[in-house]
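Fold and geometry: a report
Take a look at the letters that make up each chain.
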Amino acid sequence: MVFSLRRRRDDQHPTGTVNATFRFRCYFLLLVASVVIILIRTYNDVQIAMEMFTRPSLTQTALDTEVAFITPIYGGSDLIPPHGTDPNVHIQLMPTFGKHRPDEDVIFAIANHLTFEEYVLFVMTLRDSGFEGDLVLSTQDVKSMDGDLIRFLKYHSNGGGIIVYDGVIRDNANDSSINPSSNTTAAMVYLKGLYGKKREGNDQFTILDDKRVARNMGVAQFELFWVWSTRYSPSSRMLIIDAHDTFFQENGGFGIGVSKACPLLPTNNSTFTTSRTEPSIIHLYEENQKNAQHKLNKLKDRLMLPVAYKDRLVLQFMHNENILSPSPTHGHQRAMEAYFRAMVRQFDHTQCTVYHCEWAFHNYIYYFGILHSLPEIRKVKNIMQGTGAVNSVGLDVPLNQSEMFNAGTQIVYNRPMGMGLQPSWAVHQYDRDQELNQTITKLKKRLVETLNYDEPAVLQGEPDIDQNLLDAIALMQPALGKHREGENVVIANVPRRFDSKKLAFFLLTAREYGFEGDIVIHIPKLDDSVKFLMEQEDYNIIVYEGEIVPDGHGWKLAKSEIKIIEEQQEGPRPPRSESIVAFELFYILTMKYRRSSRILLVENVETALFQSNPFKEGSCSSFELSLFKEHTTNHNFLAIRTGKSALSEVFHLVMGEAGMTELVELGEKVLTPSAILGHAGLMQQFIAEMLRQVEEFHCYSDGC
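Residues numbered from 1 in each chain as written. Predicted model: local features only at pLDDT ≥ 70, side-chain atom pairs only at ≥ 80, totals over all residues. Heavy atoms only, no water.

1. Notes on the overall build of the protein chain
- The secondary structure content of the protein chain amounts to 17 helices and 26 strands.
- Evaluated residue by residue, the protein chain yields a buried proportion of 48% over its 704 residues.
- Considering only contacts in the protein chain between residues 6 or more positions apart, those separated by 24 or more positions represent 78%.
- Roughly 34,000 Å² of accessible area belongs to the protein chain as shown, and the carbon and sulfur atoms make up 53% of that amount. (Helix = DSSP H or I, 4+ residues; strand = E, 2+ residues; numbered from the N terminus. Buried < 20%, exposed > 50% of the residue type's maximum accessible area, 1.4 Å probe, protein only. Contact = heavy atoms within 4.5 Å. Areas by Shrake-Rupley, 256 points an atom, 1.4 Å probe, with all protein chains shown as cover.)

Structure below.
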């Protein structure tokens, strides 16, 4: 038996050796073939890259004689404004309804083809999501809208942050505005009324015709977006998105405008300069890569790349890249403004007019490094689908078979990226999923049925600026210097009898430690003792003189007794302490700056100096207000509660014995009003509330 077993093994041995040898040769050949393929592809890629970056720029495929042509240049030196370089040509387009708020975040959308229910869904879910920025819409002619839509847009543009431009995008075939019945895929359009040329001898403008050839709405929209982008400050964040198939979620994270960006970031250079390193990031979104369907080599028309760029190298260089969608795109104003110029320039370069050409431009300027080379853009972020502010869900249907959708709560989630499931802020392409589309259809009807026009559409956090306050702001003008409304600022009061050396020391230490914003000083009188201030005007020091004057046993504002908050009484007001009047002055001066500017208030420059730059650190994602605690050796609630001083009296008046006792038991510390740091928007609200408390308790003395 043993012998028999050994014979069988000996018989099998030669065959096993042959099989093993054959398998080894196959694996070896496959390995060699793989290496060869990799080497060939690498060689081809290197050849393409070498040819791309060692030859002149791509040539224009067709020349439009109306548009001066310069080929795309790395670094963006050719990205002139879309209206050209004629100094007499300026933007003339004005909104039909609403008013831009330059400091706010903003969403741009083309809404010409939306139904009334789609308008209501887009606007109402956006506001419910916590976004309080501007929403700028292109719409059909107002005269062609139904009454419900006109009422809705007027209501939300009156304090609700909507800005409407009607009839700008027009069908070149019949001169009608693009509307819900238009074929937006086929229609060739022009833009009406964007620019005007100044007439000789007066300040009047002649409105210019659109100098570009008729093109698809998707292509033309970027020039309109550029015009809108110029209405905002560099720190504003802006999003472009398709409005007809997007809604927002109330509990969504990662939104672009549920918080606020820093206005300006100081440079590392500690010497005085007006230069700034501004936040300037742009976010581009990949299409869904499910089943690798959205590779450029998978699509028949390849997003019009063969039409826009008739060049073998462009197609070869990009053939296996992920497709980037031009909508959504978002970023800081400085980056987006340059992006819009680049998109318009690509149209001028290629003359690609048809549907989807904007996709070709968008992918080209990313993959060929144009965006990365622009000085206005500090960083380009490529966002994988389902991981950013906007979740385009089109290829993930049916959603109920994925972790991105909770059928019970009807919440759409971003992909888990180490943080668990986070609800999406904006859900794009919701109509591709049958179940979600049914849910949103019901939501549209419910939102329309519950529309309420009885209450004014005022966004939370907006300053209450009435005509009286506007008059006070206009009336109060500096004796020296000029405000730079977008800058950070130190606002300080100089007391009656002051030491000019301490004032000079305050100013010099601010500059010594790298603060480059405005310094606003209120001083009792400009005389020879402060002559040095007049020499500082070029260094962005702004001086107000004699705005706080004696009034019997107290003080008042010099110019007038205009009410600056509603609660203040009409006519002559009681004399107040100098510190209370100083805060009335501070309130007016903060209004000279944008809500996103950061402000340091200093009640008395004689007791302050700088040992570092207070604006160097801070949030780049939200409004902040910083209050400072007194040292317990100066003031503490126990001593104030048991004391007999004037300060103790006003604390008991405002807080009561029970309030004082609670603060002592909690171990809270006294906050000083002598120094406050924060964004202007919150600073204005805080000071206004302080002044309301003054009026409510009729507390006008020192310590109030």
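Picking up where we left off.
2. A short note on the sheet that holds strand 7 (residues 195-198)
- Spatial strand order, 1-7-8: three strands in an open sheet with antiparallel pairing. Edge positions in the open sheet fall to strand 1 (89-91) and strand 8 (205-207), since each of these has one partner strand only. Between one strand axis and the next, the sheet turns through 40° on average, direction left out of account.
- Sheet topology note: the strand 7/strand 8 ladder contains three bridges and is antiparallel. Within the sheet, the bridge partner assigned to Lys 197 lies in strand 8 and is Thr 206. (Pairing = 2+ DSSP bridges. Axes fitted to C-alpha atoms, helices over the stretch in contact; angles between N-to-C directions.)

3. Concerning the pairing of strand 21 (residues 541-545)
- Of all five residues making up strand 21, four are buried, and the element is well covered by its neighbours.
- Where strand 20 (residues 518-523) meets strand 21, five bridges bridge the pair, whose relative direction is parallel. What sits directly across from Ile 521, in strand 21, is Val 543.

4. Points about the state of the cysteines
- Inspection of every chain in the model, using the stated rule, returns two disulfides.
- The disulfide bridge from Cys 352 ends at Cys 357, spanning 1.8 Å between sulfur atoms. Its S-S torsion of about -60° marks the bond between Cys 352 and Cys 357 as left-handed, since a negative value means left-handed.
- Using a relative accessible area of 0% as the deciding quantity, one classes Cys 357 as buried.
- When the bonded cysteines of the protein chain are counted from the start of the sequence, the pairing works out to 1-2, 3-4. (Disulfide = S-S within 2.5 Å.)

5. With respect to the sheet that holds strand 25 (residues 625-629)
- Spatial strand order, 21-20-19-24-26-25: six strands in an open sheet with mixed pairing. With partners counted over all chains shown, the strands left at the sheet margins are strand 21 and strand 25, one partner each. Adjacent strand axes in the sheet meet at a mean angle of 15°, parallel and antiparallel pairs treated alike.
- Of the strands in this sheet, strand 19 (489-493), strand 20, strand 21 and strand 24 (598-602) are in contact with helix 12 (residues 500-512), which crosses strand 20 at around 170°.
- The strands that helix 17 (residues 680-697) touches are strand 24, strand 25 and strand 26 (671-679); relative to strand 26, the one it contacts most, it runs at about 145°.

6. Observations concerning the environment of Val 123
- Among the secondary structure elements, Val 123 is positioned in helix 2 (residues 116-128).
- The spacing of Val 123 and Phe 248 is 125 residues in sequence and 8.9 Å in space, taken between C-alpha atoms.
- The residues touching Val 123, leaving out its near neighbours within four places in the chain, are Leu 135, Phe 152, His 156 and Ile 162.

7. A look at a nonpolar patch on the surface
- A cluster of nonpolar side chains, namely Phe 24, Phe 28, Leu 29, Val 32 and Val 36, defines an oily patch on the protein surface of about 490 Å² accessible area.
- Here Val 32 lies in helix 1 (residues 2-54).
- Val 32 sits in the partly exposed class, given a relative accessible area of 37%. (Patch = residues over 30% accessible without salt bridge, like charges linked within 9 Å, V, L, I, M, F, W, Y side chains within 5 Å. Salt bridge = Lys/Arg side-chain N within 4 Å of Asp/Glu carboxyl O.)

8. Things to note about the pattern of salt bridges
- In total, this model carries 18 salt bridges according to the counting rule given.
- The salt bridge involving Arg 170 is made with Asp 141; its shortest N-O contact spans 3.2 Å. Residue Arg 170 is located in strand 5 (residues 169-171), and its partner Asp 141 is located in the loop between strand 3 (134-139) and helix 3 (147-157); the two are separated by 29 residues in the primary sequence.
- Classification of Arg 170 as buried rests on a relative accessible area of 7%.
- Between Asp 203 and Lys 198 there is a salt bridge, with the nearest N and O atoms lying 3.6 Å from each other.
- On the basis of relative accessible area, Asp 203 is assigned to the exposed category, the value being 60%.
- In this structure, a network of salt bridges that share partners links the residues Asp 210, Arg 212, Arg 215, Glu 223, Arg 345 and Asp 348.

9. What about the packing of aromatic side chains?
- A complete count under the given rule lists 21 aromatic pairs for this structure.
- Centre to centre, the rings of Phe 222 and Phe 225 are 5.7 Å apart; their planes meet at 80°, and the pair counts as edge-to-face. Taken together, the residues Phe 222 and Phe 225, both in helix 4 (residues 217-229) and three residues apart, mark about one turn of the helix. Across the pair, exposure class does not vary: Phe 222 and Phe 225 are buried alike.
- An aromatic cluster of at least three residues, connected via ring pairs, comprises Phe 108, Tyr 165, Phe 222, Phe 225, Trp 228, Tyr 232, Tyr 339 and Phe 340. (Phe/Tyr/Trp six-rings, centres within 6.5 Å; stacked < 30°, edge-to-face > 60°.)

10. Observations regarding the nonpolar core
- Ranked by size, the top nonpolar core spans 62 residues in total, and within it Phe 108, Tyr 339, Phe 340 and Phe 361 carry the most contacts.
- If you look at the next biggest cluster of nonpolar residues, it comprises 46 residues, including Leu 126, Ile 162, Val 164 and Leu 436. (Core = buried A, V, L, I, M, F, W, Y, C linked by side-chain atoms within 4.5 Å.)

11. Some points on the side chain of Glu 223
- Residue position: Glu 223 is located in helix 4.
- Reaching out from Glu 223, the side chain makes a polar contact with the side chain of Arg 215 at a distance of 3.0 Å.
- Beyond its immediate chain neighbours, meaning those up to four positions away, Glu 223 contacts Pro 82, Leu 191, Leu 194, Tyr 195, Arg 212, Arg 215 and Val 344. (Polar contact = N/O pair within 3.5 Å; in protein donor to acceptor, adjacent residues only side chain to side chain.)

12. Remarks on the packing of helix 14 (residues 578-590) against helix 17
- Helix 17 packs onto helix 14 with a crossing angle of 145° between their chain directions and a minimal axis gap of 10 Å. Crossing hand, helix 14 versus helix 17: left-handed. In contact with Ile 580, Phe 583, Glu 584, Phe 586, Tyr 587 and Thr 590 of helix 14, helix 17 contributes Ala 680, Met 683, Gln 684, Ile 687, Ala 688, Met 690, Leu 691 and Val 694.
- Class assignment for the residues of the contact of helix 14 with helix 17 results in 11 nonpolar, two polar and one charged. (Left-handed = near helix turned anticlockwise from the far one by under 90°. Nonpolar A, V, L, I, M, F, W, Y, C, P; charged D, E, K, R; others polar.)

13. Observations regarding the environment of Phe 498
- Residue position: Phe 498 is located in the loop between strand 19 and helix 12.
- What makes Phe 498 partly exposed here is its relative accessible area of 22%.

14. So, helix 3
- All buried positions along helix 3 are accounted for by Leu 149, Phe 152, Leu 153, Tyr 155, His 156 and Ser 157.
- Looking at the buried residues of helix 3, the elements they touch are helix 2, strand 3 and strand 4 (162-166).
- With a side-chain oxygen lying 3.3 Å from the backbone nitrogen of Asp 148, the N-terminal cap of helix 3 falls on Asp 146.
- Two residues or fewer after helix 3 comes Gly 159, characterised by a positive phi angle close to 95°.

15. Here's the deal with helix 16 (residues 646-666)
- Relative to the 30 Å expected for 21 residues at 1.5 Å per residue, helix 16 spans just 24 Å between its end C-alpha atoms, considerably shorter than the ideal helical length.
- The sharpest bend along helix 16 comes to roughly 95°, located at Gly 656.
- In this structure, the buried side of helix 16 is in contact with helix 15 (637-642). (Expected span 1.5 Å × (residues − 1). Bend = angle between axes of the 7 residues up to and from the residue.)

16. Observations regarding the pairing of strand 10 (residues 237-240)
- Going residue by residue along strand 10, you find Arg 237 and Leu 239 tucked away on one face and Met 238 and Ile 240 tucked away on the opposite face as well.
- Here strand 2 (residues 106-110) runs beside strand 10; their pairing, made up of three bridges, is parallel. Bridge pairing links Phe 108 to Ile 240 in strand 10.
- Pairing geometry for strand 10 and strand 13 (residues 324-332), over four bridges, is antiparallel.

Honestly, that's just the spatial picture; any functional story needs more than this.
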